[in-house]
Amino acid sequence: MRLLGAAAVAALGRGPLSRGPATLSRPGTQVKWKACRWCSSGIIPNEKLRNIGISAHIDSGKTTLTERLLFYTGRIAKMHEVKGKDGVGAVMDSMELERQRGITIQSAATYTMWKDTNINIIDTPGHVDFTIEVERALRVLDGAVLVLCAVGGVQCQTMTVNRQMQRYNVPFLTFINKLDRMGSNPTRALQQMRSKLNHNAAFLQIPIGLEGNFKGIIDLIEERAIYFDGDFGQIVRYGEIPAEFRAAAADHRQELIECVANSDEKLGELFLEEKIPSVSDLKLAIRRATLSRSFTPVLLGSALKNKGVQPLLDAVLEFLPNPSEVQNYAILNKEDDSKEKTKILMSSKRDGTHPFVGLAFKLEAGRFGQLTYVRSYQGLLKKSDTIYNTRTRKKVRVQRLVRMHADLMEDVEEVYAGDICALFGIDCASGDTFTNKDNSGLSMESIHVPDPVISVAMRPSNKNDLDKFSKGIGRFTREDPTFKVHFDTESKETIVSGMGELHLEIYAQRMEREYSCPCITGKPKVAFRETITAPVQFDFTHKKQSGGAGQFGKVMGVLEPLDPDNYTKLEFVDETFGANIPKQFVPAIEKGFLDACEKGPLSGHKLSGLRFVLQDGAHHMVDSNEISFIRAGEGALKQALANTTMSILEPIMSVEVVAPNEFQGAVIAGISRRHGVITGQDGVEDYFTVYAEVPLNEMFGYSTELRSCTEGKGEYTMEYCKYQLCSVATQEDLINRHLEATGQLPEKKGKAKN
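This is a predicted model, so every value here is computed, not measured. (Residues numbered from 1 in each chain as written. Predicted model: local features only at pLDDT ≥ 70, side-chain atom pairs only at ≥ 80, totals over all residues. Heavy atoms only, no water.)

> How should I be thinking about the overall build of the chain in this particular structure?
Of the regular secondary structure elements, the chain holds 17 helices and 40 strands. Counting only residues that meet the buried cut, the chain has 52% of its 754 residues in that class. Of all intrachain contacts in the chain linking residues separated by at least 6 positions in sequence, the fraction that spans at least 24 positions is 71%. Carbon and sulfur atoms form 51% of the exposed surface of the chain, whose accessible area is close to 34,900 Å². (Helix = DSSP H or I, 4+ residues; strand = E, 2+ residues; numbered from the N terminus. Buried < 20%, exposed > 50% of the residue type's maximum accessible area, 1.4 Å probe, protein only. Contact = heavy atoms within 4.5 Å. Areas by Shrake-Rupley, 256 points an atom, 1.4 Å probe, with all protein chains shown as cover.)

Take a look at the structure:
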């Protein structure tokens, strides 16, 4: 193997690696691994390239598995555990928050070499709150590894990830992890994959022992046992299948051939002719079936105990597609904005014959400004090239091209189709397409962004930190399309919305850590309204006499409530005739009425659902002017409100809950407990949908409650429906709070004082 000089190694961003022996697949051969990035031709061909993502349910061991992959391929010299005792944390969890909590928040990209093949790996989060990270990663990858826990099997987030893989047609392998845990049962996990996810799945390996006795695995294709020796399982030893497992291995191999034969024609013909397929026939058939997503190979192991990881790397090379085997399409946007969109197939040739097309799939603010992760789909991108952003139609120059390893970076001169790289200092949003000038009408299909489910009010705890706060909020919204922000003019609060309580809590903590701006989050204020229950007469005279011209205006009429459909409106009707009130003063009366509706007497909320009918009045030749009639309109409204009974309206949301049938009782009880009215129900297969109308004031914290009572499988959406009268208890509570806030009622402190 050609070794690079010390200067070249330094240019690669690494010092000389001192490594123990790393094995290749031939038994008995041990080869020293050395940092050597290019093959002799200078460009890695497509066959030697894989883009894979690792995704799964929470705590299935994705990050630990990535750590092992990097260690065995010689990318890192030492392994650390997630939330490990040494306090270092896994290399892929580069954010300090991730190390502290032991969860992955942002998907991290890295690359490594295994058997002369370049593998780009993206480790994704498992929490439902960070779904968008998985969504982005799967959009740009060619293949994926779905990790299942041998104890938990198929869990709710596994189903979400499975739906996302279907959406983007990503071929994948399944790795059943944690075989060393008590109660691990890979057979049950396989049954659940078949029943819950409807996959044609079969084992490529079976375990030698389980739980504490887990010693190694049996490769069903090559028919041999694989053991992992050495302190870190880095020495792979092949042996005969132990006698007590031979019958099981033969049965499982037969089952594997049957499953693949069902989905691959060539192997199906051999199977019908009752010929025994050779090892290479079987591998090629599995590869064809995996690429067409008609078969899912299942591998086994335990990442924490360093078993089964090297065969997984081999399977990634053997069964997952290289960039030339995946068809990526770009949409050609016509100049005349016509509805019909033509799809153009991207060429995966790794040279400069086709114009460059790339998709910015993730943004991150690094130490050197905004870092943009780009997947190249076609052509060649060199350092200092000029590229176009097709959304903003702006051209930008590529100052610096890097490849990422968690949060470390290494400069490269050029990237080709199929590579994942990062650009510096380019202003864009996630989901933007970059092209050469020749084809600026192209755009890659955008990423599916789910709607936010929960909102809270957020403000900096120190008034002087407002500029830091707005800077942080601006950056987070650019980075994460599921994190939405708007300013509520009525309650004067900044409302942030996201995918879950954990999601928003993490952003509040990042604001404190990265911008040293501690934030206070609270339940957002609900836009209550006040209205009257019966019509009331008014007759109000505004008089003010001072030196010179005074002020005079008199209005008479009726204040009426509107019907419930128009509870959000305010109406002004002019029924005057004659010249008692000159017409030029009528708009002034209307302005006075509308100004006075901004704050109601009961709880300080806006007034709505009123009709102000002006019937008569009087004016003075000298003293009447606009300001006197504005004051008269305000006074008339206040006089009318003082003489009638008032009530408070609250917003009602129409809520739609979808959950599996077994949780129907819990979901309906939860809605009733929140004073909701169920308006309808229907069901499809194993899921039911409940339609209900629930007061918005009762909906806070519902997403967490729904997830906990449906094992994370329930989802809900809500939108504004109407305003209606609120309950007596809510009204009393609001009135008391308003009186306390304005100092008209002493606050309750301990025992009542005389």
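> Any chance you could explain the sheet that holds strand β26 (residues 442-444) here in plain terms?
One key point about sheets: their strands pair by backbone hydrogen bonds, in either a parallel or an antiparallel sense. Sheet architecture is open: 3 strands sit in the order β15-β14-β26, paired in antiparallel fashion. Both edges of this open sheet fall to β15 (342-345) and β26, since each of them pairs with a single strand only. Geometrically, the sheet is characterised by an average inter-axis angle of 40° between neighbouring strands, direction not taken into account. As defined by bridge partners, strand β14 (residues 329-332) adjoins β15 across 4 bridges and the pair is classed as antiparallel. Each residue of the ladder has a partner; that of Y329, found in β15, is L345. (Pairing = 2+ DSSP bridges. Axes fitted to C-alpha atoms, helices over the stretch in contact; angles between N-to-C directions.)

> Whenever I open this one, the nonpolar core confuses me. Can you help?
The nonpolar side chains of soluble globular proteins are, as a tendency, buried together. If you look at the biggest cluster of nonpolar residues, it comprises 49 residues, and the most contacted ones within it are V555, L559, F612, L637 and V667. Tallying contributions element by element places helix α14 (residues 626-642) first for this core, with 7 residues. Setting aside its immediate chain neighbours within four residues, L637 contacts L559, F593, A596, C597, L607 and L610. (Core = buried A, V, L, I, M, F, W, Y, C linked by side-chain atoms within 4.5 Å.)

> Is there a simple way to think about empty space enclosed by the protein in this case?
The probe, sized like a water molecule, is rolled over the atoms to show the empty space still left. Within this structure, the stated rule accounts for 4 cavities of 30 Å³ or more. Its volume calculated, the second largest cavity comes out at about 60 Å³. Every residue along the wall of the second largest cavity is listed here: A109, T110, Y111, N120, I122, Y373, R403, M404, I420 and C421. Elements represented by at least two residues in the lining of the second largest cavity include exactly β4 (108-114), β5 (117-123), β21 (401-405) and β24 (420-424). Ranked by the residues each element gives to the lining of the second largest cavity, the list is headed by β4, at 3 residues. A class-by-class count of the residues in the lining of the second largest cavity yields 7 nonpolar, 2 polar and 1 charged. (1 Å grid on protein atoms, 1.4 Å probe; cavity = no way out; pocket = protein on both sides within 12 Å on 5 of 7 lines; lining within 4 Å. Points joined across faces, edges and corners; volume = space filled by probe spheres on them. Nonpolar A, V, L, I, M, F, W, Y, C, P; charged D, E, K, R; others polar.)

> Got a minute to help me understand the pattern of salt bridges in this structure?
Two side chains that carry opposite charge are able to pair once their charged atoms sit near each other. What the rule picks out here adds up to 18 salt bridges. Among the ionic pairs, R237 bridges to D229, the shortest N-O distance being 2.6 Å. Judged by its relative accessible area of 41%, R237 falls in the partly exposed class. Between E705 and R673 there is a salt bridge whose closest N-O contact spans 3.1 Å. Here E705 is found in helix α16 (residues 702-709), whereas its partner R673 is found in helix α15 (residues 664-673), with 32 residues between them in sequence. (Salt bridge = Lys/Arg side-chain N within 4 Å of Asp/Glu carboxyl O.)

> What is the right way to read the environment of M159 from this model?
The residue M159 is located in helix α5 (residues 156-167) in this model. The spacing of M159 and H57 is 102 residues in sequence and 8.6 Å in space, taken between C-alpha atoms. Those residues in contact with M159 that lie beyond four places of it in its chain are V154, K196, L197 and Y687.

> In this structure, what is going on with helix α10 (residues 309-319)? I would like to understand it.
Structurally, the α-helix is built with 3.6 residues per turn, so residues lying three or four positions apart point the same way. Of all 11 residues making up α10, 10 are buried, and the element is well covered by its neighbours. Buried residues of α10: V309, Q310, P311, L312, L313, D314, A315, V316, L317 and F319, and no others.

> Teacher, can you tell me more about the packing of aromatic side chains here?
Each aromatic ring pair is characterised by the separation of its centres together with the angle its planes make. Under the counting rule described, the total for this entry stands at 10 aromatic pairs. Centre to centre, the rings of F476 and F483 are 6.4 Å apart; their planes meet at 75°, and the pair counts as edge-to-face. There is no split in this pair, since F476 and F483 are both buried. Ring centres 4.8 Å apart and planes at 40° place the aromatic pair F593 and F612 in the tilted group. Residue F593 is found in helix α13 (residues 586-596), and its partner F612 is found in strand β36 (residues 610-618); the two are separated by 19 residues along the sequence. Given a relative accessible area of 0%, F612 falls into the buried group. (Phe/Tyr/Trp six-rings, centres within 6.5 Å; stacked < 30°, edge-to-face > 60°.)

> I tried to follow the side chain of N177 on my own but got confused; where do I start?
Tracing the chain through its elements places N177 in strand β7 (residues 172-177). Excluding anything up to four places from it in sequence, N177 contacts S60, G61, V147, L148, C149, A150, G301, S302 and A303.

> Explanation requested: the side chain of S624 in the structure shown.
Of note, S624 is situated in the loop between β36 and α14. From its side chain, S624 meets the backbone oxygen of F552 in a polar contact 2.9 Å long. A polar contact of 2.7 Å, which involves the side chain of S624, links it to the backbone nitrogen of H620. Aside from chain neighbours lying at most four places away, what touches S624 is F552, F585, H619 and F629. (Polar contact = N/O pair within 3.5 Å; in protein donor to acceptor, adjacent residues only side chain to side chain.)

> Would you explain the packing of helix α9 (residues 279-291) against α10 in this entry?
Packed helix pairs are characterised by how far apart their axes lie and by the angle those axes make with each other. Interhelical geometry of α9 versus α10 gives an angle of 75° and a closest axis separation of 9 Å. Between α9 and α10, the crossing angle belongs to the class labelled roughly perpendicular. Here K283, I286, R287, T290 and L291 of α9 come into contact with α10, specifically with L317, E318 and F319. When the residues that make up the contact of α9 with α10 are grouped by side-chain class, the tally is 4 nonpolar, 1 polar and 3 charged. (Parallel < 35°, antiparallel > 145°, perpendicular 65-115°, else oblique.)

> What is the right way to look at helix α6 (residues 186-196) in this model?
All buried positions along α6 are accounted for by P186, A189, L190, Q192 and M193. Down the axis of α6, the buried set is contained in an arc of 160°. They therefore lie on one face. Looking one or two residues past α6, N198 carries a phi angle of roughly 55°, positive in sign. (Arc of directions from axis to C-beta.)

> Please clarify how the pairing of strand β37 (residues 646-660) should be interpreted in this entry.
As a general feature of sheets, a regular strand has side chains that alternate between the two faces. β37 sits mainly inside the fold: 12 of its 15 residues count as buried. Strand direction decides the pairing type here: strand β31 (residues 529-532) and β37, joined by 4 bridges, are antiparallel. Counterpart to I532 in the pairing with β37 is M646. Relative to strand β40 (residues 715-725), β37 runs antiparallel, the two sharing 10 bridges. Within β40, the residue paired with V655 across the bridge is M718. Here β37 pairs with strand β39 (residues 687-695) via 9 bridges, running antiparallel.

> Would you explain the sheet that holds strand β11 (residues 224-229) in this entry?
Taken together, the 4 strands give an open sheet; going across it, the order is β9-β10-β11-β12, and neighbouring strands pair in antiparallel fashion. If you trace the sheet from one side to the other, it starts and ends with β9 (205-208) and β12 (235-239), each paired once. Strand-to-strand twist across the sheet, computed as the mean angle between neighbouring axes with direction ignored, equals 30°. As judged from the 4 bridges shared by strand β10 (residues 216-219) and β11, these two strands associate in the antiparallel manner. Considered in β11, the bridge of I217 is made with I226.

In short, the description is geometric, and any link to function would need to be established separately.
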